[in-house]
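The residues making up each chain are set out below.
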Amino acid sequence: VYTIREGSIPQLPGLLDAADLAQDPPVRPSLDIPVVFTPQQRVPHEGTLTITSNDPQNETVDVPIRGRGASNDCPVAVVAQEDLPARPLDVISLDGSNSTDPDGPEGRPVAYEWVVVQRPDGSTAEPVERLSNPLRPAEGGPEDVGSTPGAVFFVDLAGTYVIELMVTDSGGVTAPSATCPQPEARITINANPAEDIHLQLVWDTPGDPDQTDSDGADIDLHFLHPRGADWFRGGDTYDCYFGNPSPDWGQAGRAEDNPSLDIDDTKGAGPENINLDNPEDTQMLGSPYRVGVHYYRASVGPFGGADSWGPSDATLRIYLDGVLTEEFTRTLNDTNDFWEVAGIIWAGEDRRVIEINQVSTRLP
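The sections below set out a description of the structure shown in this document. (Residues numbered from 1 in each chain as written. Predicted model: local features only at pLDDT ≥ 70, side-chain atom pairs only at ≥ 80, totals over all residues. Heavy atoms only, no water.)

Counted by the stated rule, this structure contains one disulfide. Each sulfur in the disulfide pair C74 and C180 lies 2.0 Å from the other. On the S-S bond that ties C74 to C180, the torsion sits near -85 degrees, and the link is left-handed. With C74 in the loop between strand 4 (60-68) and strand 5 (83-86) and C180 in the loop between strand 10 (174-175) and strand 11 (185-191), this pair connects stretches of sequence that are 106 residues apart. Judged by relative accessible area, C180 falls into the buried class, the value being 1%. (Disulfide = S-S within 2.5 Å. Helix = DSSP H or I, 4+ residues; strand = E, 2+ residues; numbered from the N terminus. Buried < 20%, exposed > 50% of the residue type's maximum accessible area, 1.4 Å probe, protein only.)

What the second largest pocket holds in volume is close to 770 Å³. If you go around the second largest pocket, you meet 24 residues; those closest to its centre are L12, G14, I51, T52 and S53. Every element with two or more residues in the lining of the second largest pocket is listed here: strand 3 (44-52) and strand 4. (1 Å grid on protein atoms, 1.4 Å probe; cavity = no way out; pocket = protein on both sides within 12 Å on 5 of 7 lines; lining within 4 Å. Points joined across faces, edges and corners; volume = space filled by probe spheres on them.)

Glycine aside, residues mostly have negative phi, and peptide bonds are mostly found in the trans state. Here the residue pair D24 and P25 is connected by a cis peptide bond, since its omega of 0 degrees sits within 30 degrees of zero. As for its placement among the helices and strands, P25 is situated in the loop between strand 1 (2-4) and strand 2 (35-37). Here the bond from A175 into P176 is cis, since omega is -5 degrees, no more than 30 degrees from zero. Mapped onto the elements of the fold, P176 is located in the loop between strand 10 and strand 11. A positive phi is found at D321, a non-glycine position, where the angle reads about 55 degrees. Tracing the backbone shows D321 in the loop between strand 18 (312-320) and strand 19 (323-332). The partly exposed category is assigned to D321, whose relative accessible area is 42%. A positive phi is found at N336, a non-glycine position, where the angle reads about 80 degrees. With respect to the helices, strands and loops of the structure, N336 is situated in the loop between strand 19 and strand 20 (338-347).

Moving on, we get to the sheet that holds strand 14 (residues 239-240). Pairing is antiparallel across the open sheet formed by five strands, whose spatial order is 14-13-17-20-21. Strands at the two margins of the open sheet, each flanked by one partner only, are strand 14 and strand 21 (350-360). Note that strand 13 (residues 218-224) and strand 17 (residues 289-297) share seven bridges and pair antiparallel. Considered in strand 17, the bridge of D220 is made with H294. (Pairing = 2+ DSSP bridges.)

A few words on the pattern of salt bridges. Side-chain pairs of opposite charge can arise whenever the charged atoms involved come near each other. If you walk through the whole model with that rule in mind, you get ten salt bridges. With a shortest N-O distance of 3.0 Å, E126 and R119 are connected by a salt bridge. According to the relative accessible area criterion, R119 is partly exposed, its value standing at 24%. For E164, the salt bridge goes to R186, with nearest N and O atoms at 3.2 Å. With a gap of 22 residues between them, E164 in strand 9 (residues 159-168) and R186 in strand 11 connect regions that are remote in the sequence. Looking at E164, the relative accessible area reads 9%, which means it is buried. (Salt bridge = Lys/Arg side-chain N within 4 Å of Asp/Glu carboxyl O.)

Moving on, we get to the packing of aromatic side chains. On inspection of all chains with the given rule, the structure shows ten aromatic pairs. Taken together, the aromatic side chains of W231, F232, Y241, F242, Y296 and F338 make up a single cluster linked through ring pairs. (Phe/Tyr/Trp six-rings, centres within 6.5 Å; stacked < 30°, edge-to-face > 60°.)

Take the side chain of R317 next. Counting through the fold element by element, R317 comes out in strand 18. On the basis of relative accessibility, which here comes to 6%, the residue R317 falls in the buried class. Side-chain polar atoms of R317 contact the backbone oxygen of D121, separated by 3.0 Å. In this view, R317 contacts D121, L157, H198, L199, Q200, V202, L324, E326 and E327; residues no more than four positions away in its chain are not counted. (Polar contact = N/O pair within 3.5 Å; in protein donor to acceptor, adjacent residues only side chain to side chain. Contact = heavy atoms within 4.5 Å.)

Glancing now at the sheet that holds strand 18. Read across the open sheet, the five strands follow the order 15-16-12-18-19; overall the sheet is antiparallel. Of all the strands in the sheet, just strand 15 (260-263) and strand 19 have a single pairing partner and so form its edges. The sheet shows a mean angle of 20 degrees between the axes of neighbouring strands, direction not considered. Note that strand 15 and strand 16 (residues 272-276) share three bridges and pair antiparallel. (Axes fitted to C-alpha atoms, helices over the stretch in contact; angles between N-to-C directions.)

This part takes up a nonpolar patch on the surface. The grouping of I4, I9, L12, L16, L31, I33 and V35 at the surface amounts to a nonpolar patch, some 600 Å² of accessible area in total. Checked against the element boundaries, L31 lands in the loop between strand 1 and strand 2. For L31, a relative accessible area of 46% translates into the label partly exposed. (Patch = residues over 30% accessible without salt bridge, like charges linked within 9 Å, V, L, I, M, F, W, Y side chains within 5 Å. Areas by Shrake-Rupley, 256 points an atom, 1.4 Å probe, with all protein chains shown as cover.)

A word on the nonpolar core. Residues L199, F223, V293, I318 and I344 are the most contacted members of the largest nonpolar core, which totals 31 residues. Where this core is concerned, the elements lending two or more residues are strand 12 (197-204), strand 13, strand 16, strand 17, strand 18, strand 19 and strand 20. Considering every element that reaches this core, the biggest residue donor is strand 20, with five residues. Residue contacts for L199: discarding those within four places in its chain leaves L221, F223, E272, N273, I274, V291, R317, I318 and I344. V116, A125, A151 and Y161 belong to the second-largest nonpolar core, a separate cluster that totals 26 residues. (Core = buried A, V, L, I, M, F, W, Y, C linked by side-chain atoms within 4.5 Å.)

This is the structure in structure tokens:
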């Protein structure tokens with residue numbers, strides 16, 4: 001039942017440097033010899049590891065080994081809730097504290113792992129131990145700690161997410177697995193926007209080797225009021241974007257009918273979201289709402305060139321009354337490419353998207 005792990009014994013005779021006890025801390029060279037214990041019965045087992053050396057006073061050292069075979073019951077992964085309704089930008093608490101391990105410490109597993117097995121295209125959120133800044137959940141937080149059963153998850157896009165819990169016992173056995181077959185412990189999150197108009201922008205830049213790090217292509221979402229004559233007007237409240245994230249639309253001083261840019265991603269892949277409740281009647285205003293996408297930065301430096309990440313494929317999704325109404329994808333090639341994507345008609349029961357799909361290589 002005792003074996004030395006194959007390949008772990010060095011070429012013999014094994015040589016070690018002498019100890020140097022004068023140093024602080026003392027240097028005591030050592031060599032690890034892994035011994036594997038594979039009992040087949042639940043009884044005590046005794047063995048001996050014999051070491052021979054050229055020490056004239058101690059040519060042979062016998063190291064006694066003792067072990068007892070024991071059965072290892074599989075841990076069981078359990079989630080507190082299997083189905084969770086949510087809205088984009090919600091923060092979800094993941095709870096695996098009901099998981100068990102019959103022969104584990106206090107009847108619990110020793111490690112918990114949350115894995116996102118399904119997500120909407122463009123979502124980059126991952127479970128974290130806690131949020132670094134609860135007021136800015138899109139910034140994430142420290143990596144999930146496996147020794148704790150809980151985690152938090154930021155719902156960055158509308159759509160369906162499936163998050164699976166896997167648990168491990170003190171013997172290194174994970175469940176669910178081939179060793180411990182059991183039903184998957186999964187949480188399904190269905191995130192549907194509650195706002196009348198929900199705009200969602202994501203992008204993919206093949207030239208950026210890591211679209212989740214702190215540096216990357218920056219693409220911006222714009223939403224123009226029907227009375228807006230121009231994009232990018234700093235003193236004009238009609239373009240909602242990162243430079244004007246919550247303009248005063250509709251009835252002056254009333255926040256309930258104002259749009260809001262809720263996520264401004266500047267480091268690659270997105271997402272960015274703009275929401276609007278209580279849209280105004282576009283027939284009365286004589287023009288639709290308009291949606292645009294701007295390639296704000298395609299390079300590390302301000303002038304592109306060799307450091308450019310190159311073209312990026314931008315995808316815009318438009319939800320009306322909580323339903324995905326249209327989805328558009330277009331390649332933007334370089335800094336300042338501007339894509340006027342679509343208009344939105346909102347007039348009584350006539351609520352629809354009209355495609356524009358025009359790209360300019362200069363700012364409009």
